[in-house]
Amino acid sequence: MATVRDKLWMFGVRPHQDDVWFTQPRKDRLYSRSRITPAEGAFMLDIPNMLLINCDGEPAPFSHDAYGYAESFCRMDRVWWGSSGSGGFRTGNEEKFICELAKRYPNVCGAYMDDFLHKLKKVESAEERDAVLDEICRVRAELDKAERPMELAVTWYMNEMSELDARAMRCIDTLVLWTWSSEELPLMEERFARIEQNYPNHKKLIGLYIYDFPNHRPVPLDLMEHQCETSLRWLREGRIDGMVVEANSTMGVGFESEYWLRKWIERVKGIAL
């Protein structure tokens, strides 16, 4: 029988990716730099599934670093590899690399497009919008060349989107739903209900932030509890398929939100679903 732990994912990025947000030690943390790797973050929180995101093109597909990360995930149950990175960045050969990884590593089971749909906010014409949507379809087509089925998941900011063109949605399996500013976490229920109604057949995961980037602070503990407990309730009700913790790069610097999350996962991870 599945447990809550089975449904937890680590949003993995290169170490030090977010150090720029922690330029000086403050009373709400111990250190100004995080050295935690994706695999270490998953180990610290006892999370069995990994989502590896490239940041500014790193780790590049087919690079030594990329293979090194894949090796470090040998104990992970499932791994999704980034098909687009932070800001929607793509090199264009991610899917070929993911298909190769899937041959080597049985736990590689999908691709993840981070921030790619965010590009739709910046388009100025129907042609530009079509180009973004066509790219999603091309990613799907390349993944379908793998020797076994590959899932395609995307970042979906709940404050920005409620609907997407049907042809793109046919290429997407899973929506990972995020609330960018912790001040808007009380709106989770309303926003999720709208997406749930529009896309009842898509898998959905909820993203859980440790750090509130737009407000330059760790997520306040009352809001940390709200996002985690609300997501847990939806998971137990069968309305979502998991939760994704963002990110190893905000761990190991002394945030109370991380310490709270450690204790919360320890308390709920054994709950049967």
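Above: the structure in question.
The structure reproduced in this document is the subject of the present report.

Calculation notes
- Residues numbered from 1 in each chain as written.
- Predicted model: local features only at pLDDT ≥ 70, side-chain atom pairs only at ≥ 80, totals over all residues.
- Heavy atoms only, no water.
- Helix = DSSP H or I, 4+ residues; strand = E, 2+ residues; numbered from the N terminus.
- Rg over C-alpha atoms; globule rule 2.2 N^0.38 Å.
- Areas by Shrake-Rupley, 256 points an atom, 1.4 Å probe, with all protein chains shown as cover.
- Lys, Arg positive; Asp, Glu negative; His and termini not counted.
- Charge placed at Lys NZ, Arg CZ, Asp CG, Glu CD.
- Contact = heavy atoms within 4.5 Å.
- Salt bridge = Lys/Arg side-chain N within 4 Å of Asp/Glu carboxyl O.
- Buried < 20%, exposed > 50% of the residue type's maximum accessible area, 1.4 Å probe, protein only.
- Polar contact = N/O pair within 3.5 Å; in protein donor to acceptor, adjacent residues only side chain to side chain.
- Core = buried A, V, L, I, M, F, W, Y, C linked by side-chain atoms within 4.5 Å.
- 1 Å grid on protein atoms, 1.4 Å probe; cavity = no way out; pocket = protein on both sides within 12 Å on 5 of 7 lines; lining within 4 Å.
- Points joined across faces, edges and corners; volume = space filled by probe spheres on them.

## Observations regarding the overall build of the protein chain
Logical step 1: Within the protein chain, the secondary structure is distributed over eight helices and 10 strands.
Logical step 2: The C-alpha radius of gyration of the protein chain comes to 18 Å, within 12% of the 19 Å expected for a compact globule of 273 residues.
Logical step 3: When the backbone C-alpha atoms are referred to their principal axes, the protein chain occupies close to 50 × 45 × 45 Å.
Logical step 4: A total of about 12,300 Å² of accessible surface is found on the protein chain, and carbon and sulfur atoms cover 49% of it.
Logical step 5: Of the charged side chains in the protein chain, 36 are positive and 45 negative, and the gap between their average positions amounts to 3 Å.

## Observations regarding the environment of R78
Logical step 1: Inspection of the secondary structure assignment puts R78 in strand β3 (residues 78–84).
Logical step 2: Through-space distance from the C-alpha of R78 to that of P106 is 8.5 Å; in sequence the pair is 28 residues apart.
Logical step 3: Excluding residues within four positions of it along the chain, R78 makes contact with D6, W9, P48, N49, M50, N107 and C109.

## A few points about the pattern of salt bridges
Logical step 1: Under the defined criterion, the tally for this structure stands at 26 salt bridges.
Logical step 2: In this structure, E100 and R104 form a salt bridge, with 3.5 Å as the shortest nitrogen-oxygen distance. On the criterion of helical spacing, the pair formed by E100 and R104 is a turn pair, its members being four residues apart in helix α3 (residues 94–104).
Logical step 3: The partly exposed category is assigned to E100, whose relative accessible area is 24%.
Logical step 4: Within this structure, R90, E94, E95, E135 and R138 form a network of salt bridges that share partners.

## Quick look at the side chain of K204
Logical step 1: Structurally, K204 can be placed in strand β7 (residues 203–209).
Logical step 2: Within the buried core, K204 has no salt-bridge partner, and the shortest N-O distance to an opposite charge, that of E196, equals 6.1 Å.
Logical step 3: Separated by 2.7 Å, the side chain of K204 and the backbone oxygen of H202 make a polar contact.
Logical step 4: Setting aside chain neighbours within four positions, we find K204 in contact with T174, L175, L177, F192, I195, E196, Y199, R239, I240, D241 and G242.

## Some points on the nonpolar core
Logical step 1: Ranked by size, the top nonpolar core spans 94 residues in total, and within it W81, I136, W156 and L164 carry the most contacts.
Logical step 2: Ranked by the residues each element gives to this core, the list is headed by helix α7 (residues 221–236), at six residues.

## Digging into the layout of surface pockets
Logical step 1: In this model, the largest pocket occupies a volume close to 500 Å³.
Logical step 2: Forming the boundary of the largest pocket are 26 residues, of which S86, G87, D115, Y157 and W180 lie nearest the centre.

## A closer look at unusual backbone geometry
Logical step 1: At the junction of E58 and P59, the peptide bond is cis and its omega measures out at 0° in the coordinates.
Logical step 2: Along the chain, the position of P59 falls in the loop between β2 (49–52) and α2 (64–72).
Logical step 3: For the bond from E246 to A247, the omega torsion is 0°, close enough to zero to count as cis.
Logical step 4: Turning to its location among the elements, A247 is positioned in the loop between β10 (242–246) and α8 (256–268).
Logical step 5: In this structure, H16 takes a positive phi of about 70° despite not being glycine.
Logical step 6: The topology assignment puts H16 in the loop between β1 (8–12) and α1 (38–45).
Logical step 7: The class for H16 is partly exposed, based on a relative accessible area of 31%.
Logical step 8: For D46, which is not a glycine, the phi torsion comes out positive at approximately 60°.
Logical step 9: Summarising the element assignment, D46 is placed in the loop between α1 and β2.
Logical step 10: Classification of D46 as partly exposed rests on a relative accessible area of 24%.

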